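In case you want the letters, here they are:
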Amino acid sequence: MNQTELTYFDYAATTPLCPEALTAMTQALTQFGNPSSQYAYARQAAQAVRSHRESVAQALGCAAGQVYFTSCGTEGDNWAIRRGVELGRRRGRHIVTTAIEHAAVLETCRDLERRGYEVTYLSPDRAGRISSGQLCSAIRPDTILVSMMLVNNETGVVLPVAECVQAVKAANPAILFHCDAVQGLLKLPDPPVATGADLITVSAHKVGGPKGVGALYIKAGLRLPPLLTGGGQEGGLRSGTEATAQLAGFAAACDAARADPDRLERTAAIKAYTLDRLRQAIPRLEVVSPGDAPHICTVTLPGYPGEVLVRALGDQGVCLSSGSACHRGKPSHVFAAMGLPRPWLSGVLRLSFSPDTTKAQADRLAQALGQLSQTILPALP
Ligand code: PLP
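Given the structure is predicted, the values throughout are model-derived calculations rather than measurements. (Residues numbered from 1 in each chain as written. Predicted model: local features only at pLDDT ≥ 70, side-chain atom pairs only at ≥ 80, totals over all residues. Heavy atoms only, no water.)

If you had to explain unusual backbone geometry to someone new, which residues and values would you point to?
At L186, a position not held by glycine, the phi torsion is positive, near 65 degrees. Secondary-structure assignment places L186 in the loop between β6 (176-180) and β7 (199-203). The residue E234 is not glycine, and still its phi comes out positive at about 50 degrees. With respect to the helices and strands, E234 occurs in the loop between β8 (214-218) and α7 (244-258). A residue is classified by how much of its surface remains accessible, and E234, at 9% relative accessible area, is buried. (Helix = DSSP H or I, 4+ residues; strand = E, 2+ residues; numbered from the N terminus. Buried < 20%, exposed > 50% of the residue type's maximum accessible area, 1.4 Å probe, protein only.)

Mind laying out the site of the ligand, listing which residues take part and the relevant values?
Surveying the vicinity of the ligand reveals 13 residues, the closest of which are G73, T74, D180, S203 and K206. One of the backbone nitrogen or oxygen atoms of G73 is found 2.8 Å away from an oxygen atom of the ligand. Here a nitrogen atom of the ligand and a side-chain polar atom of D180 are 2.6 Å apart. With three residues, helix α3 (residues 73-87) is the largest single contributor of residues to the shell around the ligand. (Near = heavy atom within 4 Å. Polar contact = N/O pair within 3.5 Å; in protein donor to acceptor, adjacent residues only side chain to side chain.)

Would you mind going over the environment of G88 in detail, with residue names and values included?
The residue G88 is located in the loop between α3 and β3 (94-98) in this model. Residue G88 is classed as buried on the basis of its relative accessible area, which comes to 6%. On a C-alpha basis, the gap between G88 and T143 in space is 8.6 Å, while along the polypeptide they are 55 residues apart.

Give me the sheet that holds strand β10 (residues 296-300): which residues, what numbers.
Across the sheet, three strands lie side by side as β9-β10-β12; this open sheet has antiparallel pairing. Sheet topology places β9 (286-289) and β12 (348-352) at the edges, where each strand pairs with a single neighbour. Put simply, the sheet's adjacent strands are angled 35 degrees from each other on average, direction ignored. Of the strand pairs in this sheet, β10 and β12 are connected by five bridges, and their pairing is antiparallel. In the strand pairing of β12, T300 is matched with V348. Here helix α8 (residues 263-281) sits on the sheet in contact with β9, β10 and β12, set at roughly 10 degrees to β10. (Pairing = 2+ DSSP bridges. Axes fitted to C-alpha atoms, helices over the stretch in contact; angles between N-to-C directions. Contact = heavy atoms within 4.5 Å.)

Describe helix α1 (residues 19-30), with residues and values.
Over its 12 residues, α1 runs 17 Å from end to end, which matches the ideal 16 Å to within 8%, given 1.5 Å per residue. Every buried residue of α1 is listed here: A21, M25 and A28. Each buried residue of α1 sits inside an arc of 65 degrees when the element is viewed along its axis, so together they form one side. Facing away from the buried side of α1 by over 90 degrees, the exposed positions are P19, Q27 and T30. (Expected span 1.5 Å × (residues − 1). Arc of directions from axis to C-beta.)

An account of a nonpolar patch on the surface is requested, with residue identities and associated values reported.
A cluster of nonpolar side chains, F32, Y39 and Y41, forms an exposed patch at the surface whose accessible area comes to about 370 Å². Mapped onto the elements of the fold, Y39 is located in the loop between α1 and α2 (40-60). (Patch = residues over 30% accessible without salt bridge, like charges linked within 9 Å, V, L, I, M, F, W, Y side chains within 5 Å. Areas by Shrake-Rupley, 256 points an atom, 1.4 Å probe, with all protein chains shown as cover. Salt bridge = Lys/Arg side-chain N within 4 Å of Asp/Glu carboxyl O.)

Please give an account of the nonpolar core that cites residues and values.
Ranked by size, the top nonpolar core spans 54 residues in total, and within it L60, L135, F177, I200 and F250 carry the most contacts. With residues up to four places along the chain from it excluded, the contact list for I200 reads L60, H178, C179, A181, P192, V193, T195, A215, L216 and Y217. By size, the runner-up hydrophobic cluster in this structure holds 25 residues, among which are F353, A368, L369 and I376. (Core = buried A, V, L, I, M, F, W, Y, C linked by side-chain atoms within 4.5 Å.)

Any chance you could break down the environment of A99 for me, citing the residues and the numbers?
With respect to the secondary-structure elements, A99 resides in the loop between β3 and α4 (103-114). On the accessibility criterion, A99 (18% relative accessible area) is buried. Between the alpha carbons of A99 and D315 there is a distance of 33 Å; along the sequence they are 216 residues apart. Ignoring anything within four residues of it in the chain, the contact list for A99 reads L106, Y121, L122, S123, P124, H333 and A337.

So what's going on with the packing of aromatic side chains? Residues and values would help.
Any two aromatic rings considered together are summarised by their centre-to-centre distance and by the angle between their planes. One pass over the full model with this rule turns up five aromatic pairs. For the pair Y8 and Y11, a centre-to-centre distance of 4.8 Å together with 85 degrees between the ring planes defines the contact as edge-to-face. Side by side, Y8 and Y11 carry an identical accessibility label, which is buried. One cation-aromatic arrangement involves R93 over Y117; the distance from NZ or CZ to the ring centre is 4.4 Å. A cation sits over an aromatic face here: R126 above W344, 5.6 Å from the ring centre. (Phe/Tyr/Trp six-rings, centres within 6.5 Å; stacked < 30°, edge-to-face > 60°. Lys NZ or Arg CZ within 6 Å of the ring centre and 35° of its normal.)

Would you mind going over the pattern of salt bridges in detail, with residue names and values included?
All told, the structure shown has 18 salt bridges when counted by the stated rule. Here D10 and R350 are joined by a salt bridge, their closest N and O atoms 3.2 Å apart. A residue pair is termed long-range when its members are at least 10 positions apart, and D10 in the loop between β1 (7-8) and α1 and R350 in strand β12 qualify at 340 residues. A relative accessible area of 1% means that R350 is categorised as buried. Among the salt bridges present, the one from E118 reaches R140, with a minimum N-O distance of 2.9 Å. Pair noted here: E118 is in strand β4 (residues 118-122) and R140 is in the loop between α5 (132-138) and β5 (143-147), with a separation of 22 residues, a long-range link. Linked by salt bridges that have partners in common, R82, D111, R114 and R115 make up one network.

Printed below as a string of structure tokens:
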């Protein structure tokens, strides 16, 4: 099955490479110079990396000197949290995060628990929301780091990160605030750095860039130790020869998105249309989360086996997810934390959109899911 035969509703899992990124990467792949080498040919590569950093900085809303390239969002989350807690080691060993973070944050926190840190996981309400009041009540004198995502990857709920940063800093300015903005970059009216967080993780493959490249924003003046040591690239903070083609693709994708100012409105409009079509085609369908971010929402067919629906739709070229792509068949920790009843949990489907998703694709999804809901029977009463 090739890309043109797909009806794709899984943009939160990954996005296709946008044409601008493909062109930029193809050019960069033929310019093979190592940006650290001293001769003119390589200096062109170093100059290109500087320009890519500028593009990603504009998408993040910060100065280029605050952007450190990484190999992915997972690396950014690991770096921020593992090295962030080291900065506060003398003051305490308590971390606060949410029960609905991506595995890149949750598994890192669990690993730190095994190494003697204490972690408080804030539970969401039934709508998937977490309040700044909840966060404030969890802060203790020995709290050293908070990690809170900007947009949940399964519900599309936008967490009140800016308000939480203010509240946490008012309680204790020494507490580091990390924000996983992998699903928030270029998906909200304000850039992630406007939240005021100290450390912000982003990833290219959610915004039309290639897989295998991301960035960590580090607030000016913050001396975060490196996670990867070696040749001293990225100002000595993230060693490893720059992945020049990946960086070119990331930058081009950021520039292309910023050059399309009504992309958020188009994405929200096609999501609303799709939800209407699904409700018409499948009266028993329930909306679990309409999603504040324009590109994600979640529905459920109560009692239906979501995994079976996803596989059957996939066989027809209709791609969506029964939760995050990282779950591999396990029930979603996010919907479980929201306290969804068992029949709702089993039939959860996450839909995610791009500005270019069409009404014809939405109609095709509604028709295919409508048919399946008549042939596949609910597994639970
Ligand atoms: N954080 C969130 C919220 C995500 O959705 C993802 C990817 O799904 C990641 C982190 C991990 O990013 P990457 O795939 O670049 O490692």
